[in-house]
Amino acid sequence: MIVRRMALGVSLLLASWHAAVASAAGFAALVSPPRFELTGRSGTVVRQVFELTNRSAGPAKFRVHTADFTLGADYGVAFQDELQPASCRPWVAIERPEVALPGGGTIRYRFEVQVPKDAPAGECRFGILIEGEEPAVAQSGALRLPIVGRIGIIVYVIVGDAKPQIEVFGPQVVTLNGRKVPALRVHNAGKAHARLSGFLSGTDAKGIKYDFNPPDLPILPGEVRKVILRPATSESDHPTLTFPVMVQGTLEWGNQRTELDERFE
Amino acid sequence: MTPEARRAWPGVAWLCGLSVIAALSAPSQAQTAPQGSPAQASAYQDRYIAGGTLSPDISTGDYGTTETSGLARSIRTDSVGSVLDQEGPHSPPRTHENGLLAGAQWDTVSYGAWSADAAARTGGARRPGVGHDYGAASFSLHERGMPFDEGWQADNALGDINAPLINLARLQPRFLLAQGPMEGVETEWRGPSTLQLVAGAGKPGIYDGIKVPTFQTLGGSTATLGAQWAPASPWALGGEFAAARDVSLYYQPLGATFATAATAHISSTTGFLTAAWQDGASRAQINVIDGTVDGNGNSLGVWVDASHTQGAMTQSFGAFRIDPNLAWGNQLISSDVQGGYYRVDYRSRRWLADFGVDQVRSVSGNGSNTTFVNGDARYQLSRDTGLGGVVYVRRNDSTSAWSAEAYLDNANSSGIGRGQLDYATDRETRDATFTLQQTWDMRTGTRLSTTAAVERIRSTAIMNVEQDSTIVRLAVYGGGDLTARLALDGSVQWATALQGRAAPSRSADVSLTWQVARAWSVLASYYENRVGSWTPLVVTSPLAPPTAAAVIAAAGERGVFLTVRYQVARGAHFVPLGGVPGSGSGRLSGVVYLDANENGRYDAGEPGAANVTVILDGRFSVRSDPNGRFDFPAVAAGHHVLTVQTDNLPLPWTLTNSGRTAVDVATRDRTEINIGALRMK
């Protein structure tokens, strides 16, 4: 149920943004890539480029600025314009605050991260927000809602030898889309974000064999996350499990791994 | 609700579903901030590079227009000038491949999507090894997806095209009926109950040219007529008839044993009947072909293919008997063979494995009896590391040959790497190769992969002269945007003998694209091809289709090409392919390439498939460039299917199921899809 609410929340959030794309010519942009995962050493400058394309008919102006961000329980992103404690945005320099593009035009937009000489090992995270300068109007019936379309690029810069350190807590069973599935509580005690992957397999109470896939979503340093292990067979991506379920295999993140042998009931 | 909003909301609802997936799987995030919210207030003042004084690196995009009304339409012209130098004992003096290419596409409401391509060439010097002059021109006009009542659709084409085939003949796992190129007309109609009617007629010929594709007819005429129908599930029936009069054979088998191989021209009449049954994961198809070449008696061929999928495992097997002297139009097909095959494939998250065995005997007794075994396995050790191996064994009456390959794939901090060991041997040749490949992580808009190999080859295959050489080979494939207006793309390969005697090999195809103005761009490219004096040993199945006659490449050929391109599109920019005005769109591009090491990745040294047609959703087509690259700049977000017309692929390369590749395009994203052709086993 929690997961369903999360999905609903994200979908409502994004629905309103897509309304801006669909109903207003003022904001139609393509950004590539959508995410950067970079490394940098103390005292060096990390330089990168993203491409911003104006997909609208005529010329368009975009506002570009940085923001801090947090990930909600549903992995929805909340951006904060105000400088947050321990933010690394003061290290960041972007090319320009405004971009004017002709219809169909593309800019190779530059940004850089100046890692201070005394920067400790850790992770610098920030977002780059691209906003349509002209407010768009989403209309549904009599309701007219002025909105500003916005795209966020997420940037991670791992400084020094910062690494994630994953601790796996006891197993639990949660409900996903009406089906019970195994899940793990995971704590990232390291200094960099982690993305879990791995080859997990298991057997349910009926003796049916399954593969289990952890989601490729970020677990930020210090966070405790519930990681759902999605079952799959060669016949179905959404099988119904009969508990208890035994799961074995290797859980990987970065260049680290841990063996898993858990019973879920 | 305004009409615009009414149109927008269904799209919004549809995109919402996609958005949830994108939000949970991709890092790109988007949200809405009500106007006047804190998001508007800039509480932190960003720093700017050089105080915000950098000159913006802006390109004017893929479209030379702001005209947005109407359905998608575009036009492109290339004016090509070149200088070509050839080396070799009988090479002609310096030649020029100068010409004009023009292409246009336009969508219509009631008459489907139209496209026209034309090329004209000046200069007519004969290239070494090519037994005819360049053609002077080529032209084709296609109409795809013309709708009719009751669900009927038609595709029509004229000009330099490929002979049509019914789908049941095209989707063959073992024996292919080739779609020969011809200058003529064709039509295909699709109706209810998967009814399909095809017909075509014209003069057979071949394509030629490096940058300016031209068509040369070879004399004679061909015609074909076919139909297929699914009268009741799970059955489908089909039949096609092909005739050729006074034509040159397009393909010659290696070690020619074909009865009329020495004849300048042949005439053939061939009929093909097929019945297919499919029920869930099981499929079977029986095929009968009957025909005559030059009136030399009737020849009959029968083959049965079946497959069954259960869980992660697919088993396929078949039996065949095909008399000698069978042709399909002016195209040779595998003939004078009888036997059977069995194949099993297993796929899981960690394992990819297949094993196959072919037993082939000659019907006439004039050919050889061959057993061919192949095994291929790959195991994913961890997320970043996989290892695998491939073995081929071929044994016939007098000789045997085998090859083995072992490799390790690793996703490292610089990209994806592979180390590979190959060994192949037959009666005349021993060939061992160690290869290192790396696809490098690069900055946005750039790509780079490299290959380094050392090959030790001992052979007496060429004129009984013993060759013992150690060859080092380096290859680089890469490209990207140097600036927003300047892009570099190309592949370079170089090989030479470290030890022993062997003429060096060089090939290069490097292009520099400069966008001069909104609709104008200039492409400069350098082309070089020098063939080395050795041939790597490749052990192939006896059931691979007859190999194209080796058009003997020039001992050396190089050239410089300069292209001035004018390209405009109207409507398309805001009506993405397969979408509606205002719907989200992304870019879909990639490479059709020959996957020599069958690792599913486009590696340096693997050639692109030039001039093949890539079709989006069966409706919108583009042709690959000389490097095999194709590009759909604006595709509606959502699920799409790419297919490739395989007729221009060099044999023995083939694409399973016409390279059918399902792809999801996300709004504002760039999707890169590489489609690898495999050598027929």
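Notes on the structure in this doc start here. These numbers come from a predicted model, not from an experiment.

1. Structural notes on the overall build of chain B
Part 1 of the argument: Across its full length, chain B holds 2 helices and 41 strands.
Part 2 of the argument: For chain B, the residues scored as buried account for 47% of the 681 residues in total.
Part 3 of the argument: Contacts in chain B between residues far apart in sequence, at least 24 positions, make up 57% of those at least 6 positions apart.
Part 4 of the argument: When the accessible surface of chain B is summed, it comes to about 30,100 Å², and 58% of that surface belongs to carbon and sulfur atoms.

2. Some details on the side chain of B:Gln380
Part 1 of the argument: Along the chain, the position of B:Gln380 falls in strand E23 (residues 370-380).
Part 2 of the argument: The buried category is assigned to B:Gln380, whose relative accessible area is 14%.
Part 3 of the argument: Only 2.9 Å separates the side chain of B:Gln380 from the backbone oxygen of B:Ser382, close enough to count as a polar contact.
Part 4 of the argument: A distance of 3.4 Å separates a polar atom in the side chain of B:Gln380 from the backbone oxygen of B:Arg383.
Part 5 of the argument: Aside from chain neighbours lying at most four places away, what touches B:Gln380 is A:Phe199, B:Arg349, B:Arg350, B:Thr385 and B:Gly386.

3. Observations concerning the state of the cysteines
Residue and element names in this part refer to chain A.
Part 1 of the argument: Going through the model one piece at a time under the given rule, you end up with 1 disulfide over all chains.
Part 2 of the argument: Paired by a disulfide, Cys-88 and Cys-124 hold their sulfur atoms 1.9 Å apart. Residues Cys-88 and Cys-124 are joined by a disulfide whose S-S torsion is about 75°; by sign, that bridge is right-handed. One end of the pair, Cys-88, is in the loop between strand E5 (77-80) and strand E6 (92-94); the other, Cys-124, is in strand E9 (residues 122-132), and 36 residues separate them in sequence.
Part 3 of the argument: In this structure Cys-124 comes out as buried when scored by relative accessible area, which is 1%.

4. Looking at a nonpolar patch on the surface
Residue and element names in this part refer to chain B.
Part 1 of the argument: Taken together, the side chains of Leu-273, Ile-286, Val-288, Leu-300 and Val-304 present a nonpolar region at the surface, about 380 Å² in accessible area.
Part 2 of the argument: Note that Leu-300 resides in strand E17 (residues 299-310).
Part 3 of the argument: Judged by relative accessible area, which is 38%, Leu-300 ranks as partly exposed.

5. Regarding the sheet that holds strand E20 (residues 230-232) of chain A
The strands making up a sheet are joined through hydrogen bonds of the backbone, oriented either antiparallel or parallel.
Residue and element names in this part refer to chain A.
Part 1 of the argument: As summarised here, the arrangement of the 5 strands in space is E20-E17-E16-E21-E22, forming an open sheet in which the pairing is antiparallel. Each end of this open sheet is capped by a strand with a single partner; those strands are E20 and strand E22 (256-264). Within this sheet the neighbouring strands show an average axis-to-axis angle of 25°, counted without direction.

6. Some remarks on unusual backbone geometry
Part 1 of the argument: For the bond running from A:Phe243 to A:Pro244, omega is 5°, close enough to zero to count as cis.
Part 2 of the argument: Along the chain, the position of A:Pro244 falls in the loop between E20 and strand E21 (245-253).
Part 3 of the argument: With an omega of 10°, the peptide bond between B:Ser233 and B:Pro234 qualifies as cis.
Part 4 of the argument: Turning to its location among the elements, B:Pro234 is positioned in the loop between strand E13 (221-229) and strand E14 (235-247).
Part 5 of the argument: Non-glycine residue B:Ala50 carries a positive phi angle of around 50°.
Part 6 of the argument: With respect to the helices and strands, the residue B:Ala50 is situated in the loop between strand E3 (47-48) and strand E4 (58-59).
Part 7 of the argument: Here B:Asp336, not a glycine, exhibits a phi torsion of approximately 60°, which is positive.
Part 8 of the argument: When you line up the elements, B:Asp336 lands in the loop between strand E20 (331-332) and strand E21 (337-347).
Part 9 of the argument: Judged by relative accessible area, B:Asp336 falls into the buried class, the value being 16%.

Rules of the game
- Residues numbered from 1 in each chain as written.
- Chains lettered and ligands numbered in written order.
- Predicted model: local features only at pLDDT ≥ 70, side-chain atom pairs only at ≥ 80, totals over all residues.
- Heavy atoms only, no water.
- Helix = DSSP H or I, 4+ residues; strand = E, 2+ residues; numbered from the N terminus.
- Buried < 20%, exposed > 50% of the residue type's maximum accessible area, 1.4 Å probe, protein only.
- Contact = heavy atoms within 4.5 Å.
- Areas by Shrake-Rupley, 256 points an atom, 1.4 Å probe, with all protein chains shown as cover.
- Polar contact = N/O pair within 3.5 Å; in protein donor to acceptor, adjacent residues only side chain to side chain.
- Disulfide = S-S within 2.5 Å.
- Patch = residues over 30% accessible without salt bridge, like charges linked within 9 Å, V, L, I, M, F, W, Y side chains within 5 Å.
- Salt bridge = Lys/Arg side-chain N within 4 Å of Asp/Glu carboxyl O.
- Pairing = 2+ DSSP bridges.
- Axes fitted to C-alpha atoms, helices over the stretch in contact; angles between N-to-C directions.

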